[in-house]
Amino acid sequence: MIRARSVVLASGAIERGIAYGDNDRPGTLLASAAHAYVRRFGVRPGTRAVVFTNNDSAYAAAMALREAGTAVA
């Protein structure tokens, strides 16, 4: 019998897009992509944004968009 001295549980999260009609249209981004555009590249991805969330990372993305001057609904 083999027993581990320690066990590491890493229950990470994977961001997945929310399915809705026409979600493959240009301008539809995952929250992490919008966040990267603003923080990493200094690019505002649009003037208005609607943020749908299924995890906590979307809140940081929404705040980054708002700080960049994007109107967030």
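Up top is the structure these notes are about.
Being a predicted model, the structure only gives us computed values, none of them experimental.

Turning next to the side chain of threonine 70. Position of threonine 70 among the secondary structure elements: in the loop between α2 (57-67) and β2 (71-72). Since its relative accessible area comes to 4%, threonine 70 is described here as buried. For threonine 70, the residues in contact, after removing those within four places along its chain, are Arg44, Gly46, Thr47, Arg48, Ala49 and Leu65.

Glycine aside, a negative phi is what most residues show, and trans is what most peptide bonds show. Although it is not a glycine, aspartate 22 adopts a positive phi angle of roughly 65 degrees. Residue placement: aspartate 22 occurs in the segment before α1 (31-39).

Attention now moves to a nonpolar patch on the surface. A surface patch of nonpolar side chains, amounting to about 420 Å² of accessible area, comprises Ile18, Tyr20, Val50 and Phe52. Checked against the element boundaries, tyrosine 20 lands in the segment before α1. Using a relative accessible area of 41% as the deciding quantity, one classes tyrosine 20 as partly exposed.

Each value, and the rule that gives it
Residues numbered from 1 in each chain as written. Predicted model: local features only at pLDDT ≥ 70, side-chain atom pairs only at ≥ 80, totals over all residues. Heavy atoms only, no water. Helix = DSSP H or I, 4+ residues; strand = E, 2+ residues; numbered from the N terminus. Buried < 20%, exposed > 50% of the residue type's maximum accessible area, 1.4 Å probe, protein only. Contact = heavy atoms within 4.5 Å. Patch = residues over 30% accessible without salt bridge, like charges linked within 9 Å, V, L, I, M, F, W, Y side chains within 5 Å. Areas by Shrake-Rupley, 256 points an atom, 1.4 Å probe, with all protein chains shown as cover. Salt bridge = Lys/Arg side-chain N within 4 Å of Asp/Glu carboxyl O.

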